[in-house]
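So the chains spell out like this:
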Amino acid sequence: MTGRVLNHGGISEPFAITGGLKQGCVLAQTLFSLYTAAMIIEIPQDAPAVGVRYHLDGGLFKLSRLLSTTKTSIISARELQYADDNTTLNRSPEHLQQTTDLYVDAYQRFGTQVNTEKTKLLSQLPPNQATQVANAQIGDHPVESVANFTYLGSILSRTVTCEKDIENRIKAGHCLWTSRPSRLHQPRHTKTMVFRAVVLSTLLYACETWTLYKRDIKRLESFQRSKLRQILHTHWKDCITNNEVLSRAALPSVEATILQHLLRWVGHVARMEPSRLSKNHSLRRTGPRQRTTWSP
């Protein structure tokens, strides 16, 4: 790999790059982001992508609006690059292989390579639709097709639900609870604080992205209640209601905590630049505009 230096409008002769940044360098994140962006630019703009249709007016849950061809916009989602992880989106196996070849070629031109052992293929289809067989290769190595894949700490499932992720969160929270040091759990107040800071934060990791159903809320609430009853040393024979347990522990319910996280995320989105798709897509007007009135 070679590089050049731009100095006062002049470009130096190409020279070989044989070393990288030292560990802990403050410029590592910035330079890596620029390096990754330069690789993404090498992908042709006409490469296959997934079209996301959205509208900025009307009700949030009016799915019929998405079927219309007026007052809607489409954005092409081709890749989801995060640090050194890349997710390629496509609608057909043919386009998937074509896009994979483009990215592999771009990475090789920049002196990097794809880890074939960590690369997986996940097919997500609408409900009640048969699973489509999709195959892809990176050079001579076939990409393994999986039903679940862990990405950025969350589990993506072929069923397009968060049930597997919630199950994994409950297991992680239970492991933290059973492995807690006994010397830190003498006073009841300390038990509650540790539960909220360690166990509950692990249980609700990335809950802002979940699409929850009533059965999912019940599973999460059941986990919290069982641990709080252990802290309070209450038994079902004591006839203590769930609301009383939450009141004694001075903790909100799981559903209320998730709503707090969602409101915090909405505030983060509201502070984004107006050009960001997340702000335009999430913070939309849900009703007719109020008529302007004037009174003397």
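Whatever comes next refers back to the structure up there.
Residues numbered from 1 in each chain as written. Predicted model: local features only at pLDDT ≥ 70, side-chain atom pairs only at ≥ 80, totals over all residues. Heavy atoms only, no water.

Peer 1: Account for the overall build of the protein chain, with residues named and values stated.
Peer 2: Within the protein chain, the secondary structure is distributed over 8 helices and 14 strands. For the protein chain, with 296 residues in total, the buried portion stands at 26%. A separation threshold of at least 6 residues defines the contact pool for the protein chain, and within that pool the share at least 24 residues apart is 57%. For the protein chain, the accessible area works out to roughly 21,000 Å², and carbon and sulfur atoms hold 55% of it. (Helix = DSSP H or I, 4+ residues; strand = E, 2+ residues; numbered from the N terminus. Buried < 20%, exposed > 50% of the residue type's maximum accessible area, 1.4 Å probe, protein only. Contact = heavy atoms within 4.5 Å. Areas by Shrake-Rupley, 256 points an atom, 1.4 Å probe, with all protein chains shown as cover.)

Peer 1: With reference to specific residues and values, describe the environment of Thr161.
Peer 2: Mapped onto the elements of the fold, Thr161 is located in the loop between β14 (154-157) and α3 (163-178). Owing to a relative accessible area of 27%, Thr161 belongs among the partly exposed residues under this scheme. Taking the C-alpha atoms as reference points, Thr161 and Thr211, separated by 50 residues in sequence, lie 7.3 Å from one another. Among the polar contacts listed, one links the side chain of Thr161 to the side chain of Thr159, at a separation of 3.0 Å. (Polar contact = N/O pair within 3.5 Å; in protein donor to acceptor, adjacent residues only side chain to side chain.)

Peer 1: Can you tell me about helix α6 (residues 242-249), naming the residues and giving the values?
Peer 2: Note on helix geometry: an α-helix contains 3.6 residues per turn, so any two residues three or four positions apart are oriented the same way. Among all positions in α6, only Val245, Leu246 and Ala249 are buried. One face of α6 carries all of its buried residues, which in axial projection span an arc of 95 degrees. Away from the buried face of α6 by more than 90 degrees, exposed residues Asn243 and Ser247 are located. Directly after α6, the chain includes Ala250, whose backbone phi takes a positive value near 60 degrees. (Arc of directions from axis to C-beta.)

Peer 1: Requested: an account of the side chain of Thr234, with residues and values cited.
Peer 2: Within the secondary structure, Thr234 is located in the loop between α5 (214-232) and α6. Looking at Thr234, the relative accessible area reads 13%, which means it is buried.

Peer 1: Lay out the pairing of β14 in plain terms, naming residues and giving numbers.
Peer 2: Here 4 bridges tie strand β13 (residues 148-151) to β14, and the two strands are oriented antiparallel to one another. What sits directly across from Thr150, in β14, is Ile155. Remark: 2 residues form the turn of the hairpin made by β13 and β14, two consecutive strands paired antiparallel; Leu152 in that turn has positive phi of roughly 55 degrees. (Pairing = 2+ DSSP bridges.)

Peer 1: Explain the packing of aromatic side chains residue by residue, including any values.
Peer 2: Within this structure, the stated rule accounts for 3 aromatic pairs. Pairing Tyr103 with Tyr107 gives two aromatic rings, centres 6.1 Å apart and planes at 50 degrees, and the pair type is tilted. Within this pair, Tyr103 and its partner Tyr107 are both found in helix α2 (residues 93-109), separated by 4 residues, close to a single helical turn. You'll find Tyr103 and Tyr107 in the same group, each marked buried. (Phe/Tyr/Trp six-rings, centres within 6.5 Å; stacked < 30°, edge-to-face > 60°.)

Peer 1: How would you summarise the packing of α3 against helix α4 (residues 188-203) if you had to cite specific residues and measurements?
Peer 2: Taken N-terminus to C-terminus, the directions of α3 and α4 make an angle of 155 degrees; their axes are 7 Å apart at the nearest point. Classified by the angle between their axes, α3 and α4 sit roughly antiparallel to one another. Considering the relative orientation of α3 and α4, their crossing is right-handed. Together, Arg169, Ile170, Ala172, Gly173, Leu176 and Trp177 of α3 and Phe195, Val198, Val199, Thr202 and Leu203 of α4 make up the contact between the two elements. Partitioning the contact of α3 with α4 into residue classes produces 8 nonpolar, 2 polar and 1 charged. (Axes fitted to C-alpha atoms, helices over the stretch in contact; angles between N-to-C directions. Parallel < 35°, antiparallel > 145°, perpendicular 65-115°, else oblique. Left-handed = near helix turned anticlockwise from the far one by under 90°. Nonpolar A, V, L, I, M, F, W, Y, C, P; charged D, E, K, R; others polar.)

Peer 1: Describe the nonpolar core, and please don't skip the residues or the numbers.
Peer 2: Core analysis: the biggest nonpolar cluster contains 24 residues, and Phe195, Leu203, Leu204, Trp210, Leu220, Leu228 and Ile258 have the highest contact counts within it. Put simply, the parts of the chain that give this core at least two residues each are α3, α4, α5, α6 and α7 (254-270). For this core, the element with the most residues is α5, which contributes 6 residues. Among all residues touching Leu220, those that are not within four sequence positions of it are Ile166, Ile170, Leu203, Leu204, Trp210, Val254 and Ile258. (Core = buried A, V, L, I, M, F, W, Y, C linked by side-chain atoms within 4.5 Å.)

Such coordinate-based values are descriptive only and should not be taken to indicate function.
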